[in-house]
Every structure is written in C-alpha cells, then in structure tokens.
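Working through the structure, step by step
Residues per chain, in single letters:
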Amino acid sequence: MFRIHWHTFWAMARKELIILSRYPVEFVASFGQVFLIVAIFTLGGLMFSNFRNPMDSETSGGNFSYSGVVVYGFILFMFLSDTLWSIGYNIRHEQVQGTLEQLYLSPANKFLNLVARVTNILLWTGMASIAAAILMSSMIGQLPIKNPLLGLYLFLMSLSGTFGIGFAFAALTLRIKEAAQTVANFLQFLFLILCANFFPFSALPPFLRFFSRLLPLAYCVDAFRSALMGFPAGFPELAPFEAELVIVTLFGVFMPFVGYRLYCAAERYGRQAGTLSAY
Amino acid sequence: MNEPSWRSVFSIVLASARMRLLTITRYPGQLILDTFIPIVFAAMPILLGRAGGEENAAIAFQRNTGTANYVAYLLIGSSVFTIVSFAFWHVAYWLRWEQESGTLEALYLAPVQRIWIAAGTALYSCGRGLFAALTAYFLGAIILRFNPIQGELGLALLFILVGFIPLYGMTLLYGAVILKVKEANALVNLMQWSVSFLMGIFFPITVFPPLLKTIALLFPPTWMTNGVRSALLGIGFFLGHWYLDLAVLWGFMLLSPLLGYWVFHQVENQVRRNEGVGQF
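Residues numbered from 1 in each chain as written. Chains lettered and ligands numbered in written order. Predicted model: local features only at pLDDT ≥ 70, side-chain atom pairs only at ≥ 80, totals over all residues. Heavy atoms only, no water.

1. Thoughts on the overall build of chain A
Helix and strand content of chain A: 11 helices and zero strands. In chain A, the succession of helices and strands from N to C terminus is α-α-α-α-α-α-α-α-α-α-α. For a compact globule of 279 residues, the expected C-alpha radius of gyration is about 19 Å, and chain A comes in at 20 Å, within 12% of that figure. Each principal axis of the C-alpha distribution contributes one length, and for chain A these read about 65 × 40 × 35 Å. In chain A, 79% of the contacts between residues at least 6 apart in sequence involve partners at least 24 apart. Accessible surface, chain A: about 12700 Å² in total, of which carbon and sulfur atoms supply 68%. Here chain A contributes 17 positive and 13 negative side-chain charges, whose respective centroids are spaced 11 Å apart. (Helix = DSSP H or I, 4+ residues; strand = E, 2+ residues; numbered from the N terminus. Rg over C-alpha atoms; globule rule 2.2 N^0.38 Å. Contact = heavy atoms within 4.5 Å. Areas by Shrake-Rupley, 256 points an atom, 1.4 Å probe, with all protein chains shown as cover. Lys, Arg positive; Asp, Glu negative; His and termini not counted. Charge placed at Lys NZ, Arg CZ, Asp CG, Glu CD.)

As structure tokens, this is what we get:
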C-alpha cells in the first residue's frame, strides 16, 4: 500500500516539476522577483538608519539591529505565501482546466495530489529563500545563526503547520472558487502584518498584538527568529520560549491533520453536490 | 475601408472599459483589497522604522530623504506603485486573458483597431488605479495619523495625470513582450517590481549607483513619484522646479506612446506572420 502511495506521490510530484521546467521564463522571473522585493524592502528599512555613516549610531534607529528579524521573518513569509498559492489556490487550475473531476475518476489517492505540490515548494522556495537570505544579509548586515539545530526543528514544525494551512485553504478554494484569489491575497497581507515578518512585534500597536497572539504562525515567526538570533534581550516577544515551543510543536503536528480533514469535508461536499468541476 | 468616425472610436473605448468595469463590480472584495494593499505595503517599512523609536526614525529618515514625514513619504510611494502595478497587470493580463480564452484571434477579425480596445482597457485601469491610490492615501492618512491635505495637492494630481500617458505607453511595450513570450504572470510580476524598484517606491533614487540612477531616470514613473512627493512634502524636484520636471514628463508623454505603439505593432505583425495570435 505504501509503495503504491509512494509511486502516486512521485508521479504527481514529477508532473509538477516537469510543468515548472517547461516555463523557464517564469522560473527565472520569479527568482529575479524575490531579489527585487528583498532589495525594495531592505532599502526602505535602511532609510531609517544612518547607513551612509554606520559609525555614527546616535540617530540610526537606536541600537536596534534588524537583519535577523527581517531575514528570518521573510523566509517564513515566502513559504507561507507560496503554500497559499501553490497548494491552496492551484486547485483552481485543475478545476479550470477540467482535470480535477478526472482525477476523482482515477483510482489514485487524491490527497497526494495536494501533497505533491509540497515538493515544488520545498525545492523552489527553499532555493529562493537561501538566495534571498544571502542577498539581504549582504545588504543589511551579518546574519546571526546561534542555535542551528533548534532553529531547524522550529523551521520544520512551522513548515508542517504552514502546509496544513495550505490544505485548509485548498478546501476553502473548492467552496468559494474564484473568490479564493482575493482571499489568498487578503490572508497573505493579514499574515504579513499580524505575524510581523518584517519587523519586531513590539512595533505593532497593542490591539494588533492581541490578534497576533491568537495566531500559531506568529509564535512560529517569533520562536524561529529568537532562537536563531540567540535570544537577545526582549526576544521572544509574544510568550516565554518554552510556551512558544509547545505551541509551534502542536501547530506543526496537528495543523496538517486539521487541514486534511477540512479538505476531505470540502471534497465530499463537492462530490455530493456535483460541484467539483463547476467553476 | 473607411476610417471609423471619432464617435465610433469613442464608443469602442467606452464599451471596452465598461465591460471590464462590469466584471470587477462582481468582485467587490477585490476592490476593497485594492485600497488596503498599498497601506499594508507602506506599513512594513513604517513599522520597521518605528521599532527603533519614533523620534530616531524621523531624524534618520529626514537625513536620508529630505523629509521627516516618513509615513506620508512611504504611503505616497506605495500608492503610486498601485497605479504602476495596475497599469502593467491590466494591459498585459488583458492580452493574456484574450489569448487564453481564445478571443484574441477573434478580435483581430473584428473591424475594430486593437489600439482602441487597448485604450478602453487603459481607461478602465486608470480609473481603478486612481481610485485605489487616492482612497489608500486618504484612508492610510487616517489610519496612520498624518495630514493628507498638505503641500500642493493639485500639482501632485497633475503629475499623476500627466504620468498616466507615458506609463500606458510603456505597457504597450510590455504587451508586445507578452504577445511574443506569452508567460504573462511571471513577467508582469517581475516588471512591476523592477519598475517599483527603479521609481524608488520606499527610498530616493539618490541611493543608487550612477548607472542605475540613469536607468531609473529613463522611467516615467520615477518622475511621477518624485513629482508627487515633492509637491506634497517639498523634498525637491529633480531639476529644481516643478515645471522642469513636468516638462520632462511631457516629453515622455509624446515619446512613450509612439514608441510603445510602434514596437507593439511590429511584434504583432511578426506573431501574425508566424504562429498566429491564437496560440498561447
């Protein structure tokens, strides 16, 4: 049984990789885009520092060093954004192309179709993240890497939970169809603010910080960058690290199951109502 | 074939714009999001700057950009970015959409010049972009607490309106690329970020090395953004006076649409002679 699932997964992942390789312009353009986004936000941030004369730190944004905060936050944001679009919204492509219903007529495991998209994200977003991290740290300063193993654990748990969000979003896409594009955009920006990917949580107004504390993903960002920065004073910002570790672990373990259950429910509804191929 | 009258041309432009307006009114959520995206965008560097203390942020920002009002500076950048980004998305995606839905070839068989249909799309895009940018600016001013009615509002608006024409001329150049290469999504994304980078969405272009600065000055949106910022915040026009900067935009206004149309026409003919416009 496992072997069959593995073969199905591999065939679907291969299909995704072949599609990726057939659009070389898109491949190169999306890489260039990451560099540009990084450069724009980094230069924007530098306007608040005395970057022309780094020795004079009196008015260079205090003693606040933001390379770790920005770079690690950005990496997690890239994965979240790609997950929303690649796993979640891309189910629309199958619907629009008319292949979603056909998939349901085949004896293959349908959920693996979703999981296979993870391969692309791991490969492509992983590469883009490394490139972005190198570029950003070259522009705004040395990147602190203090607890690599702990950081890796937190990263994997955050990634697993993020994929769970992607599955849940795929379920939502099946229900709300084209409006999912707007919702994906909205969620992306909502997470960008509430998870404070580009700035410390202390910069958020208190009432927004309250909403941040309701999101497990915010704890992922906080714990991940605090660990890699070596827990400087004031970090983590949302809760004691032990509490954040528990939240991130629970999020990483349970969110994929929750997402999967939601996807199954949406799929069942679509099949019963005959709306899987309607778009 | 008789040349169509101006009345029929006007009616084509309006019909094309109306069709797109009708489509977007079916997605009101998207219209609301259009307003909030520039605010969220500007909020990123604002919050990052405030993390080091609000007073320090203003002092450092003043030193680097010429104004301590960083909230307005950044919000103006992201609002103009919305206009630029919409221009590229709407024109390039219009072509791609017609290609994918199989109606582009049919359009070539209609007794209508494509340029007027494109003008309708541009008109719709101008309206939507201007609405989003203005609402984002005024709403952002309320949320982020600064006075939006400062400086020369009329002059700022003039820079935007004059800048529209060269901007849409540039999108024709880009439409030609889409027609040729086809992969619209990635290219539009890349282009919108490239232009945002070059026009200095969150920073003055003086931070660029000389070569990059020269390239940035060849982009009409750079003059548009700086014109709006200078009119509202008094950071200084590139050539010292508003009328000189505006004259450069007028120059672009004459050159850019002609160049765009010529390139688009050449590529269009080439594509029609080879694989045809229906293939995507």
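Anyway, onward from the coordinates.
2. So, the side chain of Asp34 of chain B
Among the structural elements, Asp34 of chain B can be located in helix α2 (residues 28-50). In this structure, Asp34 of chain B is in contact with Phe86, Arg128 and Ala132 of chain B, ignoring residues within four places of it in sequence.

3. What about the packing of aromatic side chains?
Within the structure shown, the criterion is met by 29 aromatic pairs over all chains. Relative to Phe155 of chain A, the ring of Phe79 of chain A has its centre 5.4 Å away and its plane inclined at 75°; by these criteria the two rings are edge-to-face. Pair noted here: Phe79 of chain A is in helix α3 (residues 67-89) and Phe155 of chain A is in helix α7 (residues 148-176), with a separation of 76 residues, a long-range link. With respect to class, Phe79 of chain A is no different from Phe155 of chain A; both count as buried. With a centroid separation of 5.7 Å and 75° between ring planes, the pair formed by Phe203 of chain B and Phe208 of chain B is classed as edge-to-face. The residues Phe203 of chain B and Phe208 of chain B share a single accessibility class, namely buried. Members of the aromatic cluster, connected to one another through ring pairs, are Phe41, Phe74, Phe189 and Phe198 of chain A together with Phe41, Phe81, Trp193 and Phe202 of chain B. A cation over a ring is seen here: Arg175 of chain A above Tyr269 of chain A, with NZ or CZ 3.8 Å from the ring centre. For Arg229 of chain B, the ring lying beneath its charged end belongs to Tyr73 of chain B, and the centroid distance is 3.8 Å. (Phe/Tyr/Trp six-rings, centres within 6.5 Å; stacked < 30°, edge-to-face > 60°. Buried < 20%, exposed > 50% of the residue type's maximum accessible area, 1.4 Å probe, protein only. Lys NZ or Arg CZ within 6 Å of the ring centre and 35° of its normal.)

4. Quick word on the interface of chain A and chain B
Listed by partner, the interface residues are 42 residues for chain A and 43 residues for chain B. When chain A packs against chain B, the two sides together hide about 3700 Å² of surface, and 77% of this comes from carbon and sulfur. Among the residues of chain A in contact with chain B, Ile40, Met47 and Phe48 of chain A are the three that bury the most area, contributing 20% of the side total. Scanning the region where chain A abuts chain B turns up one residue pair in polar contact (both at pLDDT 80 or more). Elements that contribute at least two residues to the side of chain A that touches chain B include exactly α2 (24-46) and α8 (179-194) of chain A. Broken down by element, the side of chain A that touches chain B gets its largest block of residues, 15 residues, from α2 of chain A. Each residue belonging to the side of chain A that touches chain B can be placed in one class, and the counts come to 26 nonpolar, 11 polar and five charged. (Buried area = accessible area lost by both parts, 1.4 Å probe. Polar contact = N/O pair within 3.5 Å; in protein donor to acceptor, adjacent residues only side chain to side chain. Nonpolar A, V, L, I, M, F, W, Y, C, P; charged D, E, K, R; others polar.)

5. Here's the deal with the packing of α2 of chain A against α2 of chain B
At their nearest, the axes of α2 of chain A and α2 of chain B sit 8 Å apart, and the two run at 40° to each other. With respect to their mutual orientation, α2 of chain A and α2 of chain B come out oblique. Between α2 of chain A and α2 of chain B lies a crossing whose hand is right-handed. On α2 of chain B, the residues touching Phe41, Gly44 and Gly45 of chain A of α2 of chain A are Phe41, Met44, Pro45 and Leu48 of chain B. (Axes fitted to C-alpha atoms, helices over the stretch in contact; angles between N-to-C directions. Parallel < 35°, antiparallel > 145°, perpendicular 65-115°, else oblique. Left-handed = near helix turned anticlockwise from the far one by under 90°.)

6. Focus on the state of the cysteines
Residues and elements named next belong to chain A. Within the structure shown, the criterion is met by zero disulfides over all chains. Its sulfur unpaired, Cys220 is 8.2 Å from the next cysteine sulfur, which belongs to Cys195. On the basis of relative accessible area, Cys220 is assigned to the buried category, the value being 1%. (Disulfide = S-S within 2.5 Å.)

7. Quick notes on helix α11 (residues 242-273) of chain B
All names here are of chain B. With 32 residues, α11 should cover 46 Å at 1.5 Å per step; its first-to-last C-alpha distance of 46 Å lies within 8% of that length. Every buried residue belonging to α11 is among Asp245, Leu246, Leu249, Phe252, Met253, Ser256, Gly260, Phe264, Val267, Glu268 and Val271, and all of these are buried. For α11, the secondary structure elements touched by its buried residues are α4 (70-100), α5 (104-109), α6 (114-144), α7 (153-181), α9 (210-217) and α10 (220-233). (Expected span 1.5 Å × (residues − 1).)

Any functional reading would require information beyond the geometric quantities listed.
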